Amino acid sequence: MQLTIEGKKEFIKEMLNRNLLVSEGLFNLTSQSPIHEKETRENVLNKTKKHNLLVVGEEIASALKTALPKSFDWPEFEKSKASFEKGKNIKTYERFRQYLAERQEHPAVKVLEEEDEEINNFKRRVGVRTIFSYDEAPVKRDAQQFTDHFTSRYKSIERILRTRKEMQGAISIARIHQKKDRERVAFIGMIKDKAITKNNNIILELEDTSGEIRTFITTGKQEIHGIAKEEALDSVIGVTGHTSNKVVFATDLVLPDIPQKELKKSPTEEYAAFISDLHVGSNNFLSEKFDKFLKWINGRVGSSSQKEIVNKIRYVFIMGDLVDGVGVYPGQEKELIIKGISQQYAECSKLLKEIPENIPLIICPGNHDATRISEPQLPPYKDFSLPLWKLPNAILTSNPSYINIGATSTFPGFDILMYHGYSFDYYIANTDSIRAQGGYDRADLIMRYLLKRRHLAPTHASTLYIPDARADHLVIDRIPDFFVTGHIHKASISNYRNTTLICGSCWQSTTGFQEKVGHHPEPGRVPVVNLKSRAIKVLKF
Ligand SMILES: [Fe+2]
Ligand SMILES: [Fe+2]
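Everything in this summary refers to the structure shown in the same document. (Residues numbered from 1 in each chain as written. Chains lettered and ligands numbered in written order. Predicted model: local features only at pLDDT ≥ 70, side-chain atom pairs only at ≥ 80, totals over all residues. Heavy atoms only, no water.)

Regarding the sheet that holds strand β19 (residues 536–540)
Working step 1: The strand order β12-β11-β10-β9-β18-β19 describes an open sheet built from 6 strands, whose pairing is mixed. Every interior strand has two partners, whereas the edge strands, β12 (394–396) and β19, have only one. If you compare each strand with its neighbour and ignore which way they point, the axes differ by 25 degrees on average. (Pairing = 2+ DSSP bridges. Helix = DSSP H or I, 4+ residues; strand = E, 2+ residues; numbered from the N terminus. Axes fitted to C-alpha atoms, helices over the stretch in contact; angles between N-to-C directions.)

Next comes the structure, spelled out in structure tokens:
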């Protein structure tokens, strides 16, 4: 039914209240236009603000009715329309229009969007809560956003460090420059540069929002010399020391680190299993091993004690690289048995469908998945991985993400930090102590290293990332009960200050590429945690 003049006025007023403008064309439409439907108007009101839109016209109104990926760039669409109206850059707008037209003919995706509520109900029923999953639409980035991103990181970690006893009197670097020689100072800085002198002393160039200062760590201070040697560029640390001729001689270095955590135990006996790096589609995907795992999780194989565990498995986490992807490394096509990414996800979903539906599958992507590679990585794009989204028990999150499981009215549940681990290669290559103690065989050491620095990839370029002006989402600002990763293809279990560190194994035999870069995969291992006792078993398939 055509909207009355009163109805139009009311709608425009509501939009203005939300700082939104309505374009003239929106109402000059026939009664078939979606804006005359109450449901569409409500949708427009709910979604326009979320998508950072300014002006709502007819295409936007009908596009909002269409199921679009969360990554759809609304502001860019709006900008392209403005350019189009000025007769400039017509092609971009046409491309958007064509895309929208195609999406409107795609009913399968639309159904899924409407099912979001169903997933939410399922999550409530099985005790899974998403604390953090990134779902911002990609926007154009400029240099200022990089600056703001690093300032935000500095401030987040500075806040952590300020709670430390040694940092109580910390002052800004600008104020240190005003101090006389031999004064005791404490400050917090981001490592801009690092150099080693002829005598093996270390010079850290540190900066905060007020300035920069050089800090000397002499070989005589053995303990902090060791820390400084291992320190990652762009990480944030606290320093105490004394001034001398515009530099600081450090007496102590303070890492943000995580405190000892209470070892939480679930009031009910339930288990969580952790798998990772399936690489479905690869010639090297170990289907027989994975079949064995599927049989086990269905209670069809295994010893009687294993079957007992199976009955109590309440959660399965999958830490990325579900499929092998396409074009991930040079010459990959020769190592693929399934050449198309959508077909890889179809096959992967067929396998995961065999996991009992009452067990939630909590899935984050990895660097082989069909999503942008920069972190935070959005969940796999629906366009390519629709069958995965259709699994009734799949809970898809970003990489990294924070998930809470098992909370009750009297128990806070466990916080799980999921991160695929793309930055690990860098820290293995660049941290002597990790390499000396086993490198690729010791995911636990890398995880510990990152927890101590409260960041999943402190050094610029140690992973690919999206600079977000408002927050650095790779800062570990919440201390997890479980820090779970993958990517290394070799399972490892450890405990650091009562945070359980789990790296999943893989379901792919060694590829030529892995051999070249020095990985030692150990496929078919599944860490299984008893959440009541916190005991962990690694099952072999
Ligand atoms: Fe992988
Ligand atoms: Fe990976």
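Some remarks on the coordination of the iron ion (ligand 2)
Working step 1: On the protein side, the iron ion (ligand 2) has Asp321 (OD), Asn367 (OD1), His420 (NE2) and His487 (ND1) as donor atoms, found 2.1 to 2.2 Å from it.
Working step 2: In this structure, the iron ion (ligand 2) is surrounded by 4 donor atoms whose angles at the metal cover 87 to 157 degrees, and the resulting shape is irregular.
Working step 3: Read from N- to C-terminus, the donor residues coordinating the iron ion (ligand 2) fall into the pattern D-x45-N-x52-H-x66-H.
Working step 4: Here the iron ion (ligand 2) and the iron ion (ligand 1) are spaced 3.3 Å apart, with Asp321 acting as a shared donor. With Asn367 in the loop between β11 (361–364) and α14 (382–390) and His420 in the loop between β14 (414–418) and α15 (424–430), the pair connects residues that are 53 residues apart, well separated along the chain.
Working step 5: With a relative accessible area of 13%, Asn367 lands in the buried category. (Donors = N, O, S within 2.8 Å, 3.2 Å for Na, K, Ca; no water. Tetrahedral: all angles 85-135°; square planar, octahedral: opposite > 155°, others 65-115°. Buried < 20%, exposed > 50% of the residue type's maximum accessible area, 1.4 Å probe, protein only.)

Thoughts on the nonpolar core
Working step 1: Of all hydrophobic cores here, the largest spans 39 residues; its most connected members are Ile446, Phe483 and Ile488.
Working step 2: Where this core is concerned, the elements lending two or more residues are α8 (143–162), β4 (184–196), α15, α17 (443–453) and β17 (499–503).
Working step 3: Beyond its immediate stretch of four places on either side in the chain, Ile488 contacts Phe424, Ile428, Tyr440, Ala443, Ile446, Cys503 and His519. (Core = buried A, V, L, I, M, F, W, Y, C linked by side-chain atoms within 4.5 Å. Contact = heavy atoms within 4.5 Å.)

As for a nonpolar patch on the surface
Working step 1: Judged by side-chain polarity, Ile12, Leu16, Leu21, Leu54 and Val55 come together as a nonpolar surface patch covering roughly 420 Å² of accessible area.
Working step 2: Within the element layout of this structure, Ile12 appears in helix α1 (residues 5–17).
Working step 3: Taking relative accessible area as the criterion, Ile12 reaches 32% and is therefore assigned partly exposed. (Patch = residues over 30% accessible without salt bridge, like charges linked within 9 Å, V, L, I, M, F, W, Y side chains within 5 Å. Areas by Shrake-Rupley, 256 points an atom, 1.4 Å probe, with all protein chains shown as cover. Salt bridge = Lys/Arg side-chain N within 4 Å of Asp/Glu carboxyl O.)

Structural notes on the sheet that holds strand β8 (residues 247–254)
Working step 1: Sheet architecture is closed into a barrel: 5 strands sit in the order β4-β5-β6-β8-β7, paired in mixed fashion. On average, each strand axis in the sheet is tilted by 55 degrees relative to the strand beside it, whichever way the strands run.
Working step 2: Those strands touched by α8 are β4, β5 (202–208), β7 (236–244) and β8, and its axis lies near 135 degrees from that of β4.

Some words on the coordination of the iron ion (ligand 1)
Working step 1: The protein atoms donating to the iron ion (ligand 1) are Asp277 (OD), His279 (NE2), Asp321 (OD) and His489 (NE2), with metal-donor distances spanning 2.0 to 2.2 Å.
Working step 2: Read in sequence order, the donor residues for the iron ion (ligand 1) give the motif D-x1-H-x41-D-x167-H.

Some points on helix α13 (residues 341–352)
Working step 1: In this model, α13 (12 residues) spans 16 Å end to end at C-alpha, consistent with the 16 Å of a helix rising 1.5 Å per residue.
Working step 2: By the burial criterion, the buried members of α13 are Ile341, Gln344, Tyr345, Cys348, Ser349, Leu351 and Leu352. Across the axial projection of α13, the buried residues extend over an arc of 155 degrees, all falling on one side.
Working step 3: If you follow the buried residues of α13, they end up packed against α11 (287–297), β10 (313–319), β11 and α14. (Expected span 1.5 Å × (residues − 1). Arc of directions from axis to C-beta.)

Digging into the pattern of salt bridges
Working step 1: Taken as a whole and judged by the stated rule, the model has 19 salt bridges.
Working step 2: A salt bridge links Asp472 to Arg153, with the shortest nitrogen-to-oxygen separation between them at 2.8 Å. Here Asp472, found in the loop between α17 and β15 (482–485), pairs with Arg153, found in helix α8; they are 319 residues apart in sequence, far enough to count as distant. The same class applies to Asp472 as to Arg153, namely buried.
Working step 3: A salt bridge links Arg453 to Glu231; the nearest nitrogen and oxygen atoms lie 2.9 Å apart. Of the two residues, Arg453 is situated in helix α17 and Glu231 in the loop between α10 (222–230) and β7; the sequence distance between them amounts to 222 residues.
Working step 4: The class for Arg453 is buried, based on a relative accessible area of 5%.
Working step 5: A relative accessible area of 4% means that Glu231 is categorised as buried.
Working step 6: Linked through salt bridges whose partners overlap, the residues forming this network are Lys261, Lys264 and Asp481.

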